[in-house]
Amino acid sequence: MRSSERKFALIGFMGSGKSCIGKILASRLGLPFADLDHEIERARGSSISGIFQHEGEAGFRLLEEKALSDLSGRRGGLVLSCGGGIVMSPANRALLSRAFTTVWVDVPLPELLRRLEGERKKRPLLDSDDYAEKAASLMEARRPLYGESSSLIYRWTEGESTNDSASAIMELISG
Ligand code: S3P
């Protein structure tokens, strides 16, 4: 497949930097970039927090599944940043394996907690005082699913910038 036709998906926990890295990757690869949460917000005319509030997590997951399925059928190449819970659905996991080159951006939990502390309001699942415990239990449940859905794993290490991460992923996908 020509590289201009390839679809890449970035998966990983909230706060792992998928959107920032994805934008850089897309520009280096000369491909369009899409953020699945933004696609959902646009289609629904509501923020992610609003969707959780009015339709619950189950309602959000249905919209997420439809958005991934729509994007996977779009013609041409793409770099897609996915929400951290994308792997909860077996249908999404199958699609990520089949229709995308999927890269897991794996960032250690202590670093994620540091990044997420001031951003909890934007993430309904972590918008509570016990967010650290919630994040730990979500991470434990999801790690195997991130592994199962991805063909490549990028492991962030201390001191790496977003640009460094994008460069490392460029090497992974061209290797
Ligand atoms: C979620 C992650 C969020 C967003 C929603 C649910 C999750 O995306 O899709 O709040 O279940 O991990 P980010 O990973 O971009 O924060």
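These numbers were taken from a predicted model, which means no experiment stands behind them. As a convention, each chain's residues are numbered from 1 in the sequence order in which they are written. At least 70 in pLDDT is required for a residue's local features to be given in this predicted model, at least 80 for side-chain atom pairs to be given and counted, and no such filter applies to totals for whole chains, interfaces and linings, which use all residues. Here the side-chain values reflect all heavy atoms present in the structure, with hydrogen atoms and water set aside.

Peer 1: Teacher, can you tell me more about the site of the ligand here?
Peer 2: Note on terminology: near, applied to a residue and a molecule or strand, indicates that one of the residue's heavy atoms is within 4 Å of it. If you check the shell around the ligand, you find 13 residues, and the closest are K18, R61, G84, R123 and R142. One of the backbone N or O atoms of G84 is found 2.8 Å from an oxygen atom in the ligand. Within 3.5 Å is the distance limit for a polar contact, defined as a pair of N or O atoms, with the added protein rule that one can donate a hydrogen and the other accept it, and that residues adjacent in sequence qualify only through two side-chain atoms. Take G85: an N or O atom from its main chain is 3.2 Å from an oxygen atom of the ligand. To measure how exposed things are, a 1.4 Å probe is used in the Shrake-Rupley method; for residues, cover is taken only from the protein chains shown. The fraction of the free accessible surface of the ligand (380 Å²) that becomes covered by protein chains is 93%. Definitions used for this entry: grid spacing 1 Å over protein atoms alone; cavity, a set of points where a 1.4 Å probe fits but cannot get out; pocket, an open set with protein on both sides within 12 Å along at least 5 of 7 lines; lining residue, one with an atom within 4 Å of a point. Pocket or cavity membership: a molecule qualifies when more than half of its atoms sit within 2 Å of the grid points of that site. With respect to the detected pockets, the ligand is housed in the largest pocket. Each helix is a run of H or I in the DSSP string that is no shorter than four residues. Each strand is a run of E no shorter than two, and both are numbered from the N terminus. Looking at which element gives the most residues to the shell around the ligand, the answer is helix α3 (residues 48–72), with three residues.

Peer 1: Explain the state of the cysteines to me, please; I cannot follow it from the model alone.
Peer 2: Here a disulfide denotes one covalent bond, and it connects the sulfur atoms of two cysteines. Disulfides are defined in this document as cysteine sulfur pairs within 2.5 Å. Under the definition given, this model contains zero disulfides. The cysteine C20 is free of any disulfide, with C82 supplying the nearest cysteine sulfur at 15 Å. Relative accessibility decides the category of a residue: with a 1.4 Å probe and only protein chains considered, values under 20% of the type maximum give buried, values over 50% give exposed, and everything between is partly exposed. Take C20: its relative accessible area is 47%, and that puts it in the partly exposed class. A relative accessible area of 2% means that C82 is categorised as buried.

Peer 1: Could you clarify how one ought to interpret the packing of helix α5 (residues 109–116) against helix α6 (residues 131–149) in this entry?
Peer 2: When two helices pack together, their arrangement is given by the angle between the helix axes and the distance between those axes. Viewed as axis vectors pointing N to C, α5 and α6 meet at an angle of 135 degrees, and their least axial separation amounts to 11 Å. When the axes of α5 and α6 are compared, the pair comes out oblique. Relative to α6, α5 is oriented so that their crossing is right-handed. Contacts between α5 and α6 involve L109, L112 and L113 from the first element and Y131, A132, A135, A136 and M139 from the second. Note on residue categories: nonpolar means Ala, Val, Leu, Ile, Met, Phe, Trp, Tyr, Cys or Pro, charged means Asp, Glu, Lys or Arg, and polar means any other residue, Gly included. Each residue belonging to the contact of α5 with α6 can be placed in one class, and the counts come to eight nonpolar, no polar and no charged. Each axis is a line fitted through C-alpha atoms, taken for helices only over the stretch in contact, and angles between the N-to-C directions span 0 to 180 degrees. Note on angle classes: values under 35 degrees are labelled roughly parallel, values over 145 roughly antiparallel, values of 65 to 115 roughly perpendicular, and the remainder oblique. Should the near helix be turned counterclockwise from the far one by less than a right angle, the crossing is left-handed, whereas a clockwise turn marks it as right-handed. Two residues form a contact once any of their heavy atoms are found within 4.5 Å.

Peer 1: What should I look at first to understand the packing of helix α1 (residues 18–29) against helix α7 (residues 162–174) in this one?
Peer 2: At a closest axis distance of 9 Å, the pairing of α1 and α7 adopts a crossing angle of 55 degrees. It follows from the interaxial angle that α1 and α7 lie oblique. Crossing of α1 over α7 shows right-handed handedness. For the pair formed by α1 and α7, the contact residues are C20, I21, I24, L25, R28 and L29 on the first element and T162, N163, S165, A166, S167, I169, M170 and I173 on the second. Residue classes in the contact of α1 with α7 are distributed as nine nonpolar, four polar and one charged.

Peer 1: Can you walk me through the sheet that holds strand β3 (residues 78–81) in this structure?
Peer 2: Backbone-to-backbone hydrogen bonds join strands into a sheet, with any given pair of strands oriented parallel or antiparallel. Strand pairing is defined by DSSP finding a minimum of two bridges between the two strands. On the basis of which strands lie adjacent, the open sheet formed by five strands has the order β2-β3-β1-β4-β5 and parallel pairing. The outermost strands of the open sheet, each flanked by one partner alone, are β2 (33–35) and β5 (152–155). Within this sheet the neighbouring strands show an average axis-to-axis angle of 20 degrees, counted without direction. As defined by bridge partners, strand β1 (residues 7–11) adjoins β3 across four bridges and the pair is classed as parallel.

Peer 1: Looking at this structure, I do not really get the layout of surface pockets. What am I missing?
Peer 2: Leftover empty space is mapped by rolling, across the atoms, a probe with the size of a water molecule. Grid points are joined across faces, edges and corners, and a volume is the space filled by probe spheres set on the points. Taken as a whole, the largest pocket spans an internal volume of roughly 780 Å³. If you go around the largest pocket, you meet 35 residues; those closest to its centre are G15, K18, S19, D37 and R123. The set of elements that each furnish at least two residues to the lining of the largest pocket consists of α1, α2 (36–44), α3 and α7. Tallied by class, residues from the lining of the largest pocket come to 10 nonpolar, 12 polar and 13 charged.

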